[in-house]
Every structure is written in C-alpha cells, then in structure tokens.
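# A closer look at the structure
Take a look at the letters that make up each chain.
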Amino acid sequence: MVIPGAVDVHVHLRHPGGSHKETPETGTAAALAGGVVAILAMPNTLPPLATPADLRASLDQIATRIRCDVGAYYGATDTNADMIAEQNAIACGLKIYLNDTYGPLRLETLAAAAQHFSAWPASRPLVVHAEGLMTAAAIGLAAAHRRPVHIAHVSRREEIELIAAAKEAGLPVTCEVTPHHLWLTHADGIALGGYGEVRPALASAADRDALWSHLNVVDCIATDHAPHSREEKEDVSPPPGMPGLETSLPLLFTAVADGRLTADRAVELLSTTPARLFRIPTPAHSEVRLELGGPWSVPDSGFQTRADWSPFAGMAVRARVVSTTLRGQSHGMARKSSLRREPGTF
Ligand code: NCD
Ligand code: ZN
Ligand code: ZN
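Residues numbered from 1 in each chain as written. Chains lettered and ligands numbered in written order. Predicted model: local features only at pLDDT ≥ 70, side-chain atom pairs only at ≥ 80, totals over all residues. Heavy atoms only, no water.

## Observations regarding the overall build of the protein
Within the protein, the regular secondary structure consists of twelve helices and twelve strands. Expected size for 346 residues packed as a compact globule is a radius of gyration near 20 Å; at 19 Å, the protein falls within 12% of this value. If you line up the protein on its principal axes, its C-alpha atoms span 55 × 45 × 45 Å. Contacts in the protein between residues at least 24 apart in sequence constitute 74% of all its contacts with a sequence separation of at least 6. Of note, the protein has its 30 positive side-chain charges centred 4 Å away from the centre of its 36 negative side-chain charges. (Helix = DSSP H or I, 4+ residues; strand = E, 2+ residues; numbered from the N terminus. Rg over C-alpha atoms; globule rule 2.2 N^0.38 Å. Contact = heavy atoms within 4.5 Å. Lys, Arg positive; Asp, Glu negative; His and termini not counted. Charge placed at Lys NZ, Arg CZ, Asp CG, Glu CD.)

## Details of the site of ligand 1
Around ligand 1 sit 15 residues, and of these Arg14, Asn44, Thr101, Arg199 and Asp224 come closest. Arg14 places a side-chain nitrogen or oxygen 2.8 Å from an oxygen atom of ligand 1. Between ligand 1 and Gly241 there is a distance of 3.2 Å, counted from an oxygen atom to a backbone nitrogen or oxygen. Considering ligand 1 on its own, with 320 Å² of exposed area, one finds that the protein chains cover 100% of that surface. Here the shell around ligand 1 is composed, by residue class, of four nonpolar, eight polar and three charged. (Near = heavy atom within 4 Å. Polar contact = N/O pair within 3.5 Å; in protein donor to acceptor, adjacent residues only side chain to side chain. Areas by Shrake-Rupley, 256 points an atom, 1.4 Å probe, with all protein chains shown as cover. Nonpolar A, V, L, I, M, F, W, Y, C, P; charged D, E, K, R; others polar.)

## Some words on the coordination of the zinc ion (ligand 2)
Ideal geometry at a metal centre: 109.5 degrees between donors when four sit tetrahedrally, and 90 or 180 degrees when six sit octahedrally. In this structure, His129 (ND1) and His153 (NE2) serve as the protein donors to the zinc ion (ligand 2), at separations of 2.0 to 2.1 Å. The distance between the zinc ion (ligand 2) and the zinc ion (ligand 3) is 3.9 Å. With His129 in strand S6 (residues 126-129) and His153 in the loop between strand S7 (149-151) and helix H6 (157-168), this pair connects stretches of sequence that are 24 residues apart. His153 matches His129 in its accessibility class, with the two residues each being buried. (Donors = N, O, S within 2.8 Å, 3.2 Å for Na, K, Ca; no water. Buried < 20%, exposed > 50% of the residue type's maximum accessible area, 1.4 Å probe, protein only.)

## Let's talk about the sheet that holds strand S10 (residues 287-297)
What the four strands build is an open sheet, ordered S1-S10-S11-S12; its pairing is antiparallel. Among the strands making up the open sheet, the edge pair consists of strand S1 (2-3) and strand S12 (329-332). Both strand S11 (residues 316-326) and S12 contribute to a ladder of four bridges, which runs antiparallel. Along S12, the bridge assignment pairs Ser323 with Gly332. (Pairing = 2+ DSSP bridges.)

## Focus on the side chain of Glu159
Positionally, Glu159 belongs in helix H6. Excluding its chain neighbours within four sequence positions, the residues that come into contact with Glu159 are Glu131, Gly132, Thr135 and Val154.

Scope: geometric values only; no functional claims are made or implied.
Okay, structure coming up:
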C-alpha cells in the first residue's frame, strides 16, 4: 500500500540539552523509518525554547542535521507573552503546558494563560497540554478569546466527551490522540514499570475504549514521541515519556486490517488533517510504502531513535514501513534491525 507521508505534530527532538536521549539526526531518522516526513518539535528542552533567541539558535543548529521536515514550537512561560511578534515569525505554533510534565515549562496562573491566548495570533496554532479540568480551562480560554485551540494527547473518556460536546457547540477545538493511549492501559503500564511512565498517565480500558468510540471527534494521531534512555527509565524516579515514531503507522494500519477504521480515515488522521491544521506544506514526490501481512512482532531494540526501546515490544502488527520517500529520495528499510531481522519481527 502506498500512502502519503505522515505528519506528526507532537515530537520531542530533545535539542538542545538532551542529546543522550535523542539527537536531530536520530529523531528525524526515526521519523523516516516510521513513515513520517514532517515533525513539529516540542519546546521543553534545556534551555526551553522560550525566548526568540533560543528558538532561533535551536533551528539554526539543527538545520544541517535533520533528515525530514521539522518545525519547532515556542514555549509559553509566565513572563514571555510580550515577545509574540518576534517568535511568531519562526515558530510553528505556541505550546502551553497547563499541567506538570517533563521539563520546567508550565504556566502557573490564569492571568498568564489569558495573556498568551489573547496575544498569540488566532491564525497560528496554539497547542495545550491540558488534562482533566484543564481541558475545560483551555476550551474556555479559546472560546473567550475567539481563537482555536488544539488539545494534545487526549487520554480520558471525560476529556474526549467534553471535546465532542464543545465541537458540537461550534467551539474552535481540535485534538490529537497518541497510539499509546489507544493501545495501552494502566495495567500495561504497571507491567512496563518505569517504561510505562508517561503524561498523561496510561488510563483505564474504559478510557481507551472511549477514544476508539469517539475516533470521529479526533483530528490527528500524534505520537508524542518522548524518548528517554533505558538507564533513566530504569531509575527509581523515571521521567515520563515513551518513543513512538517508528511504531505509529504499523499499529494504525493493523487497526485498518482489523476493520477498526478505514485506510482513508487513517491517512486523514496521520497526514492530511495535521498538515491542513498546522499549515505544513506537503513535500513533493513523497510517499510511504507499507507492506501489509505479517503478523510481525514489534522488536524491543534496533530502532533508529536513540532511546532504542518501545512500549509496544512484543505486540503483533500486520503492517510495516518498507520505505519512505521524501522529495524523491528514498529511505528504504531504514531500521537498523532490518540488517539482522529475525523472521517474524518487523
Ligand atoms: C513528555 C517529555 O518527555 O518531554 N513526556 C510525556 O510523558 N509525554 C512531555 C509531555 O509531552 O508532556
Ligand atoms: Zn504533554
Ligand atoms: Zn509531549
């Protein structure tokens, strides 16, 4: 099957300051290996991308190192809403953290959130990490400031139900869900130990099922590819986050094979709608070749991501990425493990 390259609006490239977790080279190689041709990088780096100078420097530094298209978000702080004009020119969007997660970026006050919602241009993407009641806060801010908001990694039944109701009421809300919230539950998280730590936390089977039954409300599948090293994940206090770039398409097209959604709808969720919402130009002469069949087993190492582990290891999939072509250049079987692939692993 040949499909358009995927567009992932939620990726942690870890540049600057996190090169032991991921580098611009390994993160974008992971994207291509997973059939993703454009990624939007999150600003919770070290330092965070929260001044125009730091954002500009990061984009300049990665320019010669990346292998797929990359945009970067500007990170909101309690004090930087006045720098809007400058960073608007170079950022792919604004990211606001309303809950605690990995890294220092989190807005403390309603006043700061309101400033950002009013200052950031309504025509440009504004993405929030907003769990539980914060989902309602973000929708309320968007409605009051008459501007769209995009809710990242929706994970719980009450959140997707609220987004469904908000959309029905005509409010300008869009959202993404991750493969790990569609496939894994709290019980899987316990079995995974530190590797199962993620924000939002893996939820109940009822929450997972609600995401599937509200798939018509979902705009994008985004991986929230959040690599941390094995050493960090095996530590007593593991940082939250899991890699996902190389497993998203195999999982989604397994769901297609199982009749849970159509191939057209999968392409919409992975590619067409994120490209339209975030105004990402579709690169010419680009496509992804998938092999359908198997089942193949997701390996536990041999990935392009520097983190080189997967929460989906051992799961059976019925699709794998054979090659990703970006502007005429083909990246075939890019996974390191393809060189030493055992029968049955993808
Ligand atoms: C992300 C990270 O590691 O940067 N972690 C996570 O658990 N999702 C941060 C985030 O997306 O909230
Ligand atoms: Zn988040
Ligand atoms: Zn994230």
